[in-house]
Every structure is written in structure tokens, then in C-alpha cells.
Amino acid sequence: INAAVATAGQYASIHADFYDTLNNLGGSILNLLDSFPLSQSAMDGSINVNVNAVAQSSGWSYQADNRLIKFDAGNIPGEGSVIDVTYQVCIGGN
């Protein structure tokens, strides 16, 4: 459980309804299309996102609580796109 929590993963009880577990997992798979986790917390205002070497100043947001770059519905990079994110690591509070 600790590993799942530390890596923004999921876990479920073996006694839980398997349908609900798969349904939750399916939602997580869909998030993989538009969300990209950062390895560490980012300093406010320091994030630069490039898709196929083109800077993206909008069309995405940073979700600090789970360290994700999330692309807006109309701005999800296409299959095979190269996504490059640079940022200053936040040490302590922002």
C-alpha cells in the first residue's frame, strides 16, 4: 500500500467488489492519455512544457497535490509525441 501511495498508484482490497476495482483502474488508464506525473514537486511558476520541441504556454495545468501535468481536453498531445517538462524542484513549501 505504501508503494502505491508514494507513486500515485492505486490499491484495492481483495475483498472489494472487483467490478468497482476494474472501473477505477479503467479511469486511471484514461488519465494516462492526458496526465503526466513529475518525479518531484515543482516550484510555482517554474514549469516549462514542450511538445515535439514546441513550447506550450497554455492548454495544460499543474496539479500540485499529485505532481501531474494535465493537458486540457482540446490540447492532448497525439500518439508518439515527445513531451519534455522542465521545472525547479520545490524543497519544502512553495
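Counting starts from 1 at the beginning of each chain's written sequence and moves along it residue by residue. Reporting in this predicted model follows two pLDDT cut-offs: at least 70 for local features of residues, and 80 or more for side-chain atom pairs to be given and counted; totals over whole chains, interfaces and linings ignore these cut-offs and use all residues. Each side-chain value is derived from all of the structure's non-hydrogen atoms; neither hydrogens nor water enter the calculation.

## Considerations on the packing of aromatic side chains
Here is step 1 of the chain: Aromatic contacts are taken between Phe, Tyr and Trp rings whose centres are within 6.5 Å, Trp giving its six-membered ring; a plane angle under 30 degrees counts as stacked, one over 60 as edge-to-face, and the others as tilted. Here the structure, examined in full by the defined rule, presents one aromatic pair.
Here is step 2 of the chain: Judged by centre distance (5.7 Å) and plane angle (85°), the rings of Phe36 and Phe71 are edge-to-face. Of the two residues, Phe36 sits in strand 1 (residues 35-37) while Phe71 sits in strand 5 (residues 68-71), which places them 35 residues apart along the sequence.
Here is step 3 of the chain: Relative accessible area decides the class of each residue, using a 1.4 Å probe on protein chains only: under 20% of the type maximum gives buried, over 50% gives exposed, and in between gives partly exposed. When its relative accessible area of 26% is taken as the criterion, Phe36 is described as partly exposed. Helix and strand definitions here come from DSSP, where helices need a minimum of 4 consecutive H or I residues and strands a minimum of 2 consecutive E residues; each element is numbered from the N-terminal end.

## Comments concerning the pairing of strand 2 (residues 48-51)
Here is step 1 of the chain: A strand pair is defined by DSSP finding two or more bridges across the two strands. The pairing of strand 2 with strand 6 (residues 83-86) spans four bridges and is antiparallel. Its bridge partner lying in strand 6, Val49 is registered against Val85.
Here is step 2 of the chain: In the sheet, strand 2 pairs with strand 3 (residues 54-55) via two bridges, with the strands oriented antiparallel. Among the inter-strand pairings, Val51 is bridged to a residue of strand 3, identified as Val54.
Here is step 3 of the chain: Connecting strand 2 to the antiparallel partner strand 3 that follows it, the hairpin turn spans two residues, and Asn52 within it adopts a positive phi of roughly 55°.

## A closer look at the sheet that holds strand 5
Here is step 1 of the chain: Judged by pairing direction, the sheet is antiparallel, and its three strands sit side by side in the order 1-5-4 without closing on themselves. The open sheet terminates on both sides in strands that have one partner only, identified here as strand 1 and strand 4 (60-63). Ignoring strand direction, the axes of neighbouring strands in this sheet form an average angle of 20°.
Here is step 2 of the chain: Relative to strand 5, strand 4 runs antiparallel, the two sharing four bridges. Counted as the bridge partner of Trp60 is Phe71 from strand 5. The axes used here are C-alpha line fits, helices contributing only the stretch in contact, and every angle between their N-to-C directions lies in the interval 0 to 180 degrees.

## Focus on the side chain of Asn50
Here is step 1 of the chain: As for its placement among the helices and strands, Asn50 is situated in strand 2.
Here is step 2 of the chain: In protein, a polar contact means a hydrogen-donor-capable atom and an acceptor-capable atom, both N or O and within 3.5 Å, with residues adjacent in sequence counting only if both atoms are side-chain atoms; elsewhere, any N or O pair within 3.5 Å suffices. A distance of 3.1 Å separates a polar atom in the side chain of Asn50 from the backbone nitrogen of Ala55.
Here is step 3 of the chain: Those residues in contact with Asn50 that sit more than four places away from it in its chain are Ala55, Gln56, Val82, Ile83 and Asp84. By definition, residues are in contact when any of their heavy atoms lie within 4.5 Å.

## Comments concerning the environment of Asp44
Here is step 1 of the chain: In this structure, Asp44 sits in the loop between strand 1 and strand 2.
Here is step 2 of the chain: Residue Asp44 is classed as exposed on the basis of its relative accessible area, which comes to 54%.
Here is step 3 of the chain: Along the backbone, Asp44 and Ala64 are 20 residues apart, and their C-alpha atoms lie at a distance of 9.0 Å.

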